[in-house]
Amino acid sequence: MSKRIDFRPVILAGGSGTRFWPRSRRARAKQVLALDGERSMIQQTVERLKPLAGLDHTWVITNEYLAHEIADQLRGVPAEQIVSEPVARNTAPACGLAAFIIERQNPDAVLGIFPSDHVIADEPRFLKALQKGIALAAAADNMVVLGIEPTRAETGYGYIETGDFTPDESALRVRRFTEKPNQMKAEEFVAAGNYYWNSGIFLWSARTLANAVREHLPETAPMLEKIASCFGTPEFEECFRELYPKCENISVDYAVVEPRSAKGEHKSRLFCLPAEFSWNDLGSWASLYEYQVETRLRGDGDGNVAETDGHLTIEAGNNYIYSPKKFVALVGVENLVVVDTDDALLIAHRDHSQDVAKIVKELQIIRTELI
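If you're wondering where the values come from, they're calculated on a predicted model, not measured in any experiment.

Asks: Explain the packing of aromatic side chains residue by residue, including any values.
Replies: In total, this model carries 14 aromatic pairs according to the counting rule given. With centroids separated by 5.2 Å and ring planes inclined at 90°, the aromatic side chains of F126 and F277 adopt a geometry described as edge-to-face. Pair noted here: F126 is in helix α4 (residues 123-139) and F277 is in the loop between β10 (270-274) and β11 (279-281), with a separation of 151 residues, a long-range link. In this structure, F126 and F277 share a single accessibility class: buried.

Asks: Kindly report on the packing of helix α3 (residues 91-105) against helix α9 (residues 252-261), identifying the contributing residues and their values.
Replies: The interhelical angle for the contact between α3 and α9, taken along N-to-C directions, is 70°, at an axis separation of 7 Å. As far as their axial angle goes, α9 and α3 are roughly perpendicular. Note on element contacts: α9 touches α3 through V252, D253 and A255, opposite T91, A92 and C95.

Asks: Kindly report on the nonpolar core, identifying the contributing residues and their values.
Replies: If you look at the biggest cluster of nonpolar residues, it comprises 52 residues, and the most contacted ones within it are V10, L97, L111 and W204. Grouped together as the second largest cluster of nonpolar side chains are 45 residues, L52, I82, A129 and Y195 included.

Asks: Describe the side chain of D340, naming the residues involved and giving the relevant values.
Replies: Mapped onto the fold, D340 is located in strand β16 (residues 336-340). Only 3.2 Å separates the side chain of D340 from the side chain of S323, close enough to count as a polar contact. At 3.3 Å, the side chain of D340 and the side chain of K326 are in polar contact. In contact with D340, not counting residues within four places along its chain, are Y322, S323, P324, K326 and L345.

Asks: Residues and numbers for the pairing of β10, please.
Replies: When you tally the buried positions in β10, you get four out of five residues, the bulk of the element. Two strands pair when backbone bridges link them, and strand β6 (residues 143-148) and β10 are joined in this way by five bridges, in the parallel orientation. In the sheet register, V145 faces β10, and the bridge partner there is C272. Summarising the sheet, strand β8 (residues 172-178) and β10 pair through two bridges and their orientation is antiparallel. Within the sheet, the bridge partner assigned to L172 lies in β10 and is C272.

Cut-offs applied
- Residues numbered from 1 in each chain as written.
- Predicted model: local features only at pLDDT ≥ 70, side-chain atom pairs only at ≥ 80, totals over all residues.
- Heavy atoms only, no water.
- Phe/Tyr/Trp six-rings, centres within 6.5 Å; stacked < 30°, edge-to-face > 60°.
- Helix = DSSP H or I, 4+ residues; strand = E, 2+ residues; numbered from the N terminus.
- Buried < 20%, exposed > 50% of the residue type's maximum accessible area, 1.4 Å probe, protein only.
- Axes fitted to C-alpha atoms, helices over the stretch in contact; angles between N-to-C directions.
- Parallel < 35°, antiparallel > 145°, perpendicular 65-115°, else oblique.
- Contact = heavy atoms within 4.5 Å.
- Core = buried A, V, L, I, M, F, W, Y, C linked by side-chain atoms within 4.5 Å.
- Polar contact = N/O pair within 3.5 Å; in protein donor to acceptor, adjacent residues only side chain to side chain.
- Pairing = 2+ DSSP bridges.

Next up, the structure:
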């Protein structure tokens, strides 16, 4: 990658810690947990980007519950570049604010938007794809998304419909984005062969994204610009708290990328880079179980994945068990998620692991100390 390109990763690290309850909590959300190794998810995210951007060029958008823990885990990232949202407003205002702040510093800087909680293997290929995408984003008013070749008809991911290759065959043009289709549509997309999962990894210049927010979020953009103008001054926190809650609560996919794709395949300047690396969006206990079985991190001969102080299974299979301080015995059960912490115990069927968030919603009323 050319050294002349000013690349700045923007790590999205909000979240309320609902999907991995009871391990995750409001102040210990998924991205600050070590779910698949010694380092937390956000530490892994930042570490894999170091060959392309130093910590002094790295930005994190988080919330007041997680900011202190993230700052502690990411020593070396400047404190002012760990931006703590006063309220959650989804990814469009978060990305837009980063774009407006960085546009004032260098409008040609290329922003990389990265979720803080994804698992990526084969990092050399990942970095190679990023280098290609950064160069494409820097070349013109282009938007680049990394696409993942689907392995199943997943309804929990967004899809990218691709069209023609660019003349140099380095990327595919994007026809449209579809957010989380139903099962029938997902099966159609996978069968078509020209659809990719939306990884949530975007590359664009600060100017390109800022202008797109101005175009597609005309009521929110002036407030984000005002907040950005206060960045680095004593008035920033007050301005942030006053104006940010008034911003539209919407994802960057819906707010910017989808309307951009409506301009047409050859006019939108939207491009997809098919990923040639392993990618996993750990979105639930079930997906963590599947990932660990696939990578053979902890799976036994019966498909049980266990992180315990010893365990025994009899006629039990395909269970996920987390109880690091206890011995656990399972007899005659299948497809369970068992998660034991100091103050809570979760037992769920793997097929219902997405419903764990409903528990947290109920706890907000009856046991707030557990969220």
